[in-house]
Amino acid sequence: MYCVGSVAGFYAMSRAGMLRTALAAETSLRELASAKGLLYGCANSPDRLTADPVFARLVAEQCSLLVPENSLNWKYVEPRYGEFDFHLGDSLATFAKDRNMKFGGGTLVWHEGLPQWFSSLPPPSAKAAMVNHVTQVVGHYRGHAFSWAVVNEALAFRGQGAMLKDTPLLRLAGPDYIEAAFRAAALADPSALLVLNDNHLEYDLPEDDYRRDALLKLLQQLVGKKVPIGALGIQSHLRTGDVPFSSSKLKGFLDSVSDLGLKIVVSELDVAEKGSEATVADRDNAVAKEIDRYLEVILQEKSVVAVVTWGLTAKYTWLASYAPRSDGQHVRPLPYDSELHPTAAWQALATAFARAPAR
Ligand code: 9MR
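Attention here is on the structure that accompanies the text. Being a predicted model, the structure only gives us computed values, none of them experimental.

**Observations concerning the site of the ligand**
1) Next: Residues in close proximity to the ligand include Glu69, Asn70, Trp110, Asn152, Glu153, Gln235, His237, Glu268, Trp310 and Trp318, which together make up its full environment.
2) Next: A distance of 2.5 Å separates an oxygen atom of the ligand from a polar side-chain atom of Glu69.
3) Next: Glu268 is positioned with one of its side-chain polar atoms (N or O) 2.7 Å from a nitrogen atom of the ligand.
4) Next: For the ligand, whose accessible area on its own is 460 Å², the fraction buried by protein is 75%.
5) Next: Across the shell around the ligand, the residue classes tally to three nonpolar, four polar and three charged.

Next comes the structure, spelled out in structure tokens:
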């Protein structure tokens, strides 16, 4: 019978890589998560799934949820006002459906995903354009989407003097743009889990403290106004290098979000390598430990419904260009390495799912 041990114990073993491969061959992250009523998924782009059949098989085997990494962002879906191009999103949705995976859409409303034409609209038309975009895109996948990242990264940073980031969305669609986007999404597909997604919420740092507080206030306002928000997405871009972390602060935050009646999704998990470890085994251990300490807290919370990694393998990860290692070695932020072998991060995820309470 397959048994998931502790991360530390596992790495004390010799031939750890071989054992890991054997375990990964016996079960999958999708099965381990599902045994606890959780979804495990990854972000992806349709071209990789088409071009790399071995990788595509791995995605189907390990994941029960598939979300777009970039291809459903506004600028790709509606490159000209009113002209929609769903071919990339459809390709992902079909891949998921054909393999008995759920499909999650996004991002609908994100300042970095905006098409150029949006910023030249006068304010009343900008809000109408946003509502139309959400309505058309969510409507296109009505009944087929498990979730939507409706609004992404809206929260301002500490010291910016306002709750919401100063973006074309805020300036042109107005201060109630978040509310309007959620209401349009709920009308277009009442069955999808509607997610407000944001970042820098994970650590025991002044910025993250500030953002947990501010986000709670924003969520309280939205819930108070009966805005149909279903979940908070915590991006979870983690990093090694002993970043201060407080289980109790994170747990307190998760409890407060749950008390508002919201679900929680770990929406973009990966680990940037910021530590000084030099060998591959030590680097993998540091990444695994970071996932371990984080998910130990996260998965105790019964309102957490899904864990999504931002990619599945080091072969395809935004961190290779965004946070490359200074020694030129390829980054190892995810459950599979560039050769599609399971890493220590795979084991950390497996362990976290195995010890999580059922929901
Ligand atoms: O992984 C994505 C990368 O390929 C894109 O170049 C980048 C800019 O669009 O966005 C990355 O994904 C982001 C996600 O959509 C939102 N949260 C932060 C992610 C990293 O920036």
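**Structural notes on the layout of surface pockets**
1) Next: The calculated volume of the largest pocket comes to roughly 570 Å³.
2) Next: Along the walls of the largest pocket sit 32 residues, with Glu69, Thr107, Asn152, Glu268 and Trp310 positioned nearest its centre.
3) Next: The set of elements that each furnish at least two residues to the lining of the largest pocket consists of β2 (65-68), α6 (74-77), β3 (102-110), β4 (147-152), β5 (193-198), β8 (263-272) and β9 (304-309).
4) Next: Broken down by element, the lining of the largest pocket gets its largest block of residues, five residues, from β3.
5) Next: Of the residues assigned to the lining of the largest pocket, the class counts are 15 nonpolar, twelve polar and five charged.
6) Next: Each pocket or cavity is described by its volume, and for the second largest pocket that value is around 270 Å³.

**Focus: helix α11 (residues 206-224)**
1) Next: Its 19 residues place the ends of α11 27 Å apart at the C-alpha level, agreeing with the 27 Å of an ideal helix rising 1.5 Å per residue.
2) Next: Listed in full, the buried residues belonging to α11 are Asp208, Arg211, Arg212, Ala214, Leu215, Leu216, Leu218, Leu219 and Leu222.
3) Next: Tucked into the core, α11 has its buried residues touching α10 (177-188), β5, β6 (231-234) and α12 (247-259).
4) Next: Where α11 ends, the next residue or the one after it, Lys226, has phi of about 60°, a positive value.

**Some thoughts on the environment of Glu31**
1) Next: Inspection of the secondary structure puts Glu31 in helix α3 (residues 29-34).
2) Next: Residues Glu31 and Glu61 lie 30 residues apart in sequence; the distance between their C-alpha atoms is 9.1 Å.

**Section: the side chain of Gln235**
1) Next: Within the secondary structure, Gln235 is located in the loop between β6 and β7 (237-239).
2) Next: Among the polar contacts made by the side chain of Gln235, one reaches the side chain of Asn152 at a distance of 3.1 Å.
3) Next: When neighbours within four sequence positions are excluded, Gln235 is seen to be in contact with Asn152, Glu153, Asn197, Asp198, Asn199, Glu202, Ser267, Glu268 and Leu269.

**With respect to the pairing of β3**
The side chains of a regular strand alternate, residue by residue, between the two faces of the sheet.
1) Next: Counting buried positions along β3 yields eight of nine residues, so the element is predominantly enclosed.
2) Next: Relative to β3, β2 is paired through two bridges, and the arrangement is parallel. If you follow Leu65 over to β3, its bridge partner there is Lys102.
3) Next: At this point the chain moves from β3, through helix α8 (residues 123-140), to the parallel β4, and the crossover so formed is right-handed.

**Regarding the environment of Ile291**
1) Next: Of note, Ile291 is situated in helix α13 (residues 280-298).
2) Next: The buried category is assigned to Ile291, whose relative accessible area is 2%.
3) Next: Sequence-wise, Ile291 and Ser91 are 200 residues apart; in three dimensions their C-alpha atoms are separated by 30 Å.
4) Next: In contact with Ile291, other than residues within four places in its own chain, are Leu238, Leu269, Val271, Ala345, Ala348 and Leu349.

About the criteria used
Per chain, residues are indexed from 1 in the order of the written sequence. Local features in this predicted model are restricted to residues whose pLDDT is 70 or higher, and side-chain atom pairs enter the listing and the counts only when it is 80 or higher, whereas totals over whole chains, interfaces and linings include all residues. Processing note: side-chain calculations cover all non-hydrogen atoms of the structure and skip hydrogens and water entirely. Nearness here has a simple test: a residue counts as near a molecule or strand if at least one of its heavy atoms is within 4 Å of that partner. Between N or O atoms, a polar contact is any pair within 3.5 Å; within protein, one atom must be a potential hydrogen donor and the other a potential acceptor, and residues adjacent in sequence are included only when both atoms are from side chains. Note that accessible areas follow from Shrake-Rupley with a 1.4 Å probe, and for residues the cover is restricted to the protein chains shown. Nonpolar residues are Ala, Val, Leu, Ile, Met, Phe, Trp, Tyr, Cys and Pro. Charged residues are Asp, Glu, Lys and Arg, and all others, Gly as well, are polar. In this analysis the probe radius is 1.4 Å and the grid spacing 1 Å, with only protein atoms considered; a cavity is a set of points the probe fits into but cannot get out of, a pocket is an open set with protein on both sides within 12 Å along at least five of seven lines, and lining residues have an atom within 4 Å of a point. Grid points are joined across faces, edges and corners, and a volume is the space filled by probe spheres set on the points. Strands are runs of DSSP state E lasting at least 2 residues, helices are runs of H or I lasting at least 4, and numbering of each runs from the N terminus. A helix's residues, less one, multiplied by 1.5 Å, set its expected span. Think of it in three bands: residues with accessible area under 20% of the maximum for their type are buried, residues over 50% are exposed, and the middle band is partly exposed, with areas taken using a 1.4 Å probe on protein chains only. For this analysis, residues touch if any pair of their heavy atoms sits within 4.5 Å. Pairing between strands is defined by DSSP: at least two bridges between them are needed. With the strands pointing away from the viewer, any crossover whose connection runs clockwise from the first strand over the helix to the second is right-handed.

Remember, this is a structural readout, not a statement about activity or role.
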